[in-house]
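Commentary on secondary and tertiary structure
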Amino acid sequence: MRGSRFGSSLGTLEGLCPDSEILDGYEVSGSLAGNVEAEVSAWLREIEIVK
């Protein structure tokens, strides 16, 4: 099911913005959020936000 990592958020966005392209999101646990800079950078490259 699409959006399972983000609850119903992606489905809600798709419903509200039907003509938009919803990209893959990045999920991080609050306890791990302090050390994810490299992972976020890789994710941004993966979804082609940065090169």
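Below you will find a few notes about this structure. Computed from a predicted model, the values in this text were never measured in an experiment.

A tally of helices and strands in the chain yields two helices and zero strands. Across the 51 residues in the chain, those meeting the buried criterion constitute 8%. Accessible surface, the chain as shown: approximately 4300 Å² in total, 52% of it carbon and sulfur.

Per the counting criterion, the structure on display carries one aromatic pair. Taken together, a centroid distance of 5.6 Å and an interplanar angle of 40° make the contact between Tyr 26 and Trp 43 tilted. Here Tyr 26 is found in the loop between helix H1 (9-16) and helix H2 (37-46), whereas its partner Trp 43 is found in helix H2, with 17 residues between them in sequence.

To continue, consider a nonpolar patch on the surface. On the surface, a cluster of nonpolar side chains totalling about 240 Å² of accessible area is made up of Leu 23, Ile 49 and Val 50. Structurally, Ile 49 is set in the segment after H2.

Let's shift gears to the environment of Phe 6. Note on placement: Phe 6 falls in the segment before H1. Looking at Phe 6, the relative accessible area reads 23%, which means it is partly exposed. Placed 19 residues apart in sequence, Phe 6 and Gly 25 show a C-alpha to C-alpha distance of 8.4 Å. In this structure, Phe 6 is in contact with Gly 25, Tyr 26 and Glu 27, ignoring residues within four places of it in sequence.

Procedures and definitions
Residues numbered from 1 in each chain as written. Predicted model: local features only at pLDDT ≥ 70, side-chain atom pairs only at ≥ 80, totals over all residues. Heavy atoms only, no water. Helix = DSSP H or I, 4+ residues; strand = E, 2+ residues; numbered from the N terminus. Buried < 20%, exposed > 50% of the residue type's maximum accessible area, 1.4 Å probe, protein only. Areas by Shrake-Rupley, 256 points an atom, 1.4 Å probe, with all protein chains shown as cover. Phe/Tyr/Trp six-rings, centres within 6.5 Å; stacked < 30°, edge-to-face > 60°. Patch = residues over 30% accessible without salt bridge, like charges linked within 9 Å, V, L, I, M, F, W, Y side chains within 5 Å. Salt bridge = Lys/Arg side-chain N within 4 Å of Asp/Glu carboxyl O. Contact = heavy atoms within 4.5 Å.

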